[in-house]
Every structure is written in C-alpha cells, then in structure tokens.
Amino acid sequence: MFMGWEAAALGGVLGLLIGSFLNVVVHRLPKIMEQQWADECRQHAEEQALAAGLAPDPVPAVARISLSTPRSRCPHCGHAIRWYENVPVLSYLALRGKCAGCKAGISPRYPLVELSTAALFAFCLGQWGLSPTGLAWCGFSAALLTLALIDWDTTLLPDDITLPLLWAGLIAAALRWTDVPLADAVWGAAAGYLSLWLVFWGFKLATGKDGMGYGDFKLFAALGAWFGWQALVPIILAASVIGAIIGLVMKFRSQLREGGYIPFGPFLAGAGFAALLFGPQRMLERFLGLLGL
C-alpha cells in the first residue's frame, strides 16, 4: 500500500485529472439542471393544454447538454478544445492563458481548481495512504469544492451532489472509514439539517424573507455526517464569521449581487475544508486565535 510521499504524489496527479473534470461539472451541471426544469415546465404546460382540450405548443429543438457531450469549446470563437489543449495546468501554461483559436483570455480559475484538487488529494492520500479512508476523503474534497464553486456562481447547491455526499458520510462511518462513530454521524446529519431549518424559518417568520436555501441545510447535514455532531458548532461559527467579514468587504467595495446577498454554501465548504485539514476542535482554536479571542 502506498503511504507517505508516494501516496501524496499519486494523489496530486489524480487530483489534477479529477480537477479538470470538476471544471466541467461546475460549468455544465447548472445548465443541465436548467434543461431539466424547462422540460418539467413544458411537460406541465402540455398536460394543462391537453386537459383543456387544446393542442400543446410545438417543442423547439434544443441542443442537449451532458457532462460528456458536447465537446468542450471556446465560448468566444467556438474553437473545439483538442486533447493536448486540455492537459491540466500544463496546457494553460503552454497556451499562456489564451485560446489557441482566437487568443481570448482563459480564466485562471481552471488551473486553480486543478491545483486545489491536486493539493487536497495529496493531503488526503498523504495522511491516510491509498486506502478506503484516503479515497473517501478525496471524494469528500472533490464534492465539497464542486459545491462551493457552483453555489458561488449560481447560488445553487445541487441535490445531485449534496445528497450523495450526505449518504457517503453515513456509509463511510458505518464502514469505519472515518473516525466518526455511526451514531455521531447520524445525529450530526440530523442536527445539521434541523439547526439551519429552524434558523431559516425563524428568520422568515421575523422578516418575511428567505435567509438561505434548502441546499444549505443539506450541505450542513452532510458535514455533520462526515465529522459528527460535535463538529457542527465549530463549523457553523467559522462559516458565519468568515461569511460576515467577506460580506462586509464586498459591501464596501459595492460587489454584492442584486438584492445584497452572498451565498452561504462556499463558507460552509471552507469551514469543512478547515475541519478536514486541522480537525474541528483545532480548527476552532486556530480560528479564534486569528481573531484574537
């Protein structure tokens, strides 16, 4: 079994490859969801038309999107990305961050996601080796990073990722791939969901507004499943304070979105990564130390 630096190096290479795929997921999964919602709305409209004895409107032809099709292209000129232009990090450097077709700039977020995934995988396999535990935490890291990016871009936390992440945490605890007893994982999932659910309804009853989305409940429940109920207070405290600080900075810089909100999921994810790297209790101690508390 690979351990130490060998496992970390293997994790880094694997993380680069997975990170490249995560870029695709972050970009395409929200579009796939939009197509699914459009299909459901169209189906409902057709059922209503048929019930009223009317002919349903013709369905326009729409190009279908999946995680594998169509082939990746430059959004500016439509240049099809060749395989050698899609090598993680190296292709970005070789192309100097520009499209090979039209020379338009390529967002540096693509290589940053690949490098971040590589670093997370290297940490997980370096810490736990090429084992079920190491691979489980790699999967956790990939899912959490994907959720953070999608939520930041779209304010969506897809059930296609949050719910499998939740169940994976419970299964990992049941198989003893994590140090969290199954009972603590179950109570962590339940308490994580219910705590934010109560906050949501308390805020809504007091103000008449939605303070967060249901995806935040599910993500917090997933973190409770992976780290246990004891980790919920450190995680939510760190996420709330960091979110408030960044929100104030963005407000002073007039960078808040329409409505004056920022998504909470990325801050929950950030606190989850801190818990992974340092452990929940040590994370809280370091966090309070940085704040001078």
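Calculation notes
Going along each chain's sequence as written, the residues are numbered from 1 onward. Totals for whole chains, interfaces and linings use all residues, but because this is a predicted model, local features are given only for residues with pLDDT of at least 70 and pairs of side-chain atoms are given and counted only at 80 or more. As a rule here, side-chain values cover all heavy atoms of the structure and leave hydrogens and water aside. Helix and strand definitions here come from DSSP, where helices need a minimum of 4 consecutive H or I residues and strands a minimum of 2 consecutive E residues; each element is numbered from the N-terminal end. The span expected for a helix works out to 1.5 Å for each residue beyond the first. The salt bridge criterion pairs a side-chain nitrogen of Lys or Arg with a carboxyl oxygen of Asp or Glu, the two atoms within 4 Å. Type-normalised accessible area, obtained with a 1.4 Å probe on protein chains alone, sets the label of each residue: buried when under 20%, exposed when over 50%, and partly exposed for intermediate values. Charged residues are defined narrowly, with Lys and Arg counted positive, Asp and Glu counted negative, and His plus the chain ends left uncounted. Between N or O atoms, a polar contact is any pair within 3.5 Å; within protein, one atom must be a potential hydrogen donor and the other a potential acceptor, and residues adjacent in sequence are included only when both atoms are from side chains. The contact rule is simple, with two residues in contact once any of their heavy atoms fall within 4.5 Å. Here an axis means a line fitted to C-alpha atoms, over the contact stretch when the element is a helix, while the angle between two N-to-C directions is reported on a 0 to 180 degree scale. When describing relative orientation, an angle under 35 degrees is termed roughly parallel and one over 145 degrees roughly antiparallel, while 65 to 115 degrees is termed roughly perpendicular and anything else oblique. If you view the pair so one helix is near and one far, a crossing is left-handed when the near helix is turned anticlockwise from the far one by less than a right angle, and right-handed when it is turned clockwise. By the convention adopted, Pro, Cys, Tyr, Trp, Phe, Met, Ile, Leu, Val and Ala count as nonpolar, Lys, Arg, Asp and Glu as charged, and the other residues, Gly among them, as polar. Side-chain atoms within 4.5 Å link the members of a nonpolar core, which is a set of buried Ala, Val, Leu, Ile, Met, Phe, Trp, Tyr and Cys residues. Both site types are read off a 1 Å grid over the protein atoms alone. A 1.4 Å probe that fits but cannot get out defines a cavity, while an open set with protein on both sides within 12 Å along at least five of seven lines defines a pocket; lining residues have an atom within 4 Å of a point. Grid points are joined across faces, edges and corners, and a volume is the space filled by probe spheres set on the points.

Caption draft 1: Representation of helix 7 (residues 214–227) in the model. If you check helix 7, its first and last C-alpha atoms are 20 Å apart, about what 14 residues at 1.5 Å a residue would give, namely 20 Å. Backbone geometry just downstream of helix 7 places glycine 228 in the positive-phi region, at approximately 90°.

Caption draft 2: Geometry of the pattern of salt bridges. Enumeration according to the criterion identifies 6 salt bridges in this entry. Taking the shortest distance from any N to any O, the salt bridge between arginine 82 and glutamate 85 comes out at 2.9 Å. Taking the relative accessible area as the measure of exposure, glutamate 85 reaches 12% and is therefore buried. As a salt-bridge pair, aspartate 159 and lysine 218 come within 2.8 Å of each other at their nearest N and O atoms. Pair noted here: aspartate 159 is in helix 5 (residues 159–174) and lysine 218 is in helix 7, with a separation of 59 residues, a long-range link. Looking at lysine 218, the relative accessible area reads 18%, which means it is buried. One network of salt bridges, in which partners are shared, links Asp39, Arg42 and Arg64.

Caption draft 3: Main features of the side chain of aspartate 184. Turning to its location among the elements, aspartate 184 is positioned in helix 6 (residues 182–207). Although aspartate 184 is buried, it makes no salt bridge; arginine 176 carries the closest opposite charge, 12 Å away. For aspartate 184, the side chain forms a polar contact with the side chain of glutamine 230, separated by 3.2 Å. Aside from chain neighbours lying at most four places away, what touches aspartate 184 is Gly224, Gly228, Trp229 and Gln230.

Caption draft 4: Up close: the packing of helix 3 (residues 109–128) against helix 4 (residues 132–154). Between helix 3 and helix 4, the least distance of the axes is 8 Å, while the angle of their chain directions is 155°. Classified by the interaxial angle, the pair formed by helix 3 and helix 4 is roughly antiparallel. Both helix 3 and helix 4 take part in a crossing whose hand is right-handed. Across the interface between the two elements, Arg109, Val113, Ser116, Thr117, Leu120, Phe121, Cys124, Leu125 and Trp128 of helix 3 pack against Thr133, Gly134, Leu135, Trp137, Cys138, Ser141, Ala142, Leu145, Leu149 and Asp153 of helix 4. Split by residue class, the contact of helix 3 with helix 4 holds 12 nonpolar, 5 polar and 2 charged.

Caption draft 5: Structural view of unusual backbone geometry. Put simply, threonine 69 and proline 70 share a cis peptide bond, and its omega is -5°. Residue placement: proline 70 occurs in the loop between helix 1 (4–51) and helix 2 (90–94). Of note in this structure, valine 89 is not a glycine but carries a positive phi near 65°. With respect to the helices and strands, the residue valine 89 is situated in the loop between helix 1 and helix 2. In this structure valine 89 comes out as buried when scored by relative accessible area, which is 15%.

Caption draft 6: Quick look at helix 3. A rise of 1.5 Å per residue sets the reference length of helix 3, with its 20 residues, at 28 Å; its end C-alpha atoms lie 28 Å apart and thus fit the reference within 8%. Every buried residue of helix 3 is accounted for by Pro111, Val113, Glu114, Thr117, Ala118, Leu120, Phe121, Cys124 and Leu125. At the exit of helix 3 stands glycine 129, carrying a positive phi of roughly 75°.

Caption draft 7: Region of the structure containing the packing of helix 3 against helix 9 (residues 265–278). Look at helix 3 against helix 9: their axes get within 11 Å of each other, and the N-to-C directions meet at 30°. Considering the angle they form, helix 3 stands roughly parallel to helix 9. The two elements helix 3 and helix 9 cross, and the hand of that crossing is left-handed. Where helix 3 approaches helix 9, its residues Leu120, Phe123, Cys124 and Trp128 are matched on the opposing element by Phe273, Leu276 and Leu277. Residue composition of the contact of helix 3 with helix 9, by class: 7 nonpolar, no polar and no charged.

Caption draft 8: Geometry of the nonpolar core. With 58 residues, the main nonpolar core has Phe140, Leu165, Phe227, Ile235 and Leu268 as its most contacted residues. Listed by contribution, the elements that provide at least two residues to this core are helix 1, helix 3, helix 4, helix 5, helix 6, helix 7, helix 8 (232–252) and helix 9. When residues of this core are assigned to their parent elements, the largest contribution, 12 residues, is made by helix 4.

Caption draft 9: The layout of surface pockets, seen in detail. By volume, the largest pocket amounts to about 980 Å³. If you go around the largest pocket, you meet 36 residues; those closest to its centre are Ser72, Arg73, Ile81, Asn86 and Tyr110. Among the secondary structure elements, those contributing two or more residues to the lining of the largest pocket are helix 1, helix 2 and helix 3. The element contributing the most residues to the lining of the largest pocket is helix 1, with 7 residues. In terms of residue class, the lining of the largest pocket is built from 19 nonpolar, 11 polar and 6 charged. Gly211, Tyr261, Ile262, Pro263 and Phe264 are the residues nearest the centre of the second largest pocket, which is lined by 25 residues in total. Elements with a minimum of two residues in the lining of the second largest pocket: helix 7 and helix 8. Tallying contributions element by element places helix 8 first for the lining of the second largest pocket, with 7 residues. The residue makeup of the lining of the second largest pocket, split by class, is 12 nonpolar, 9 polar and 4 charged.

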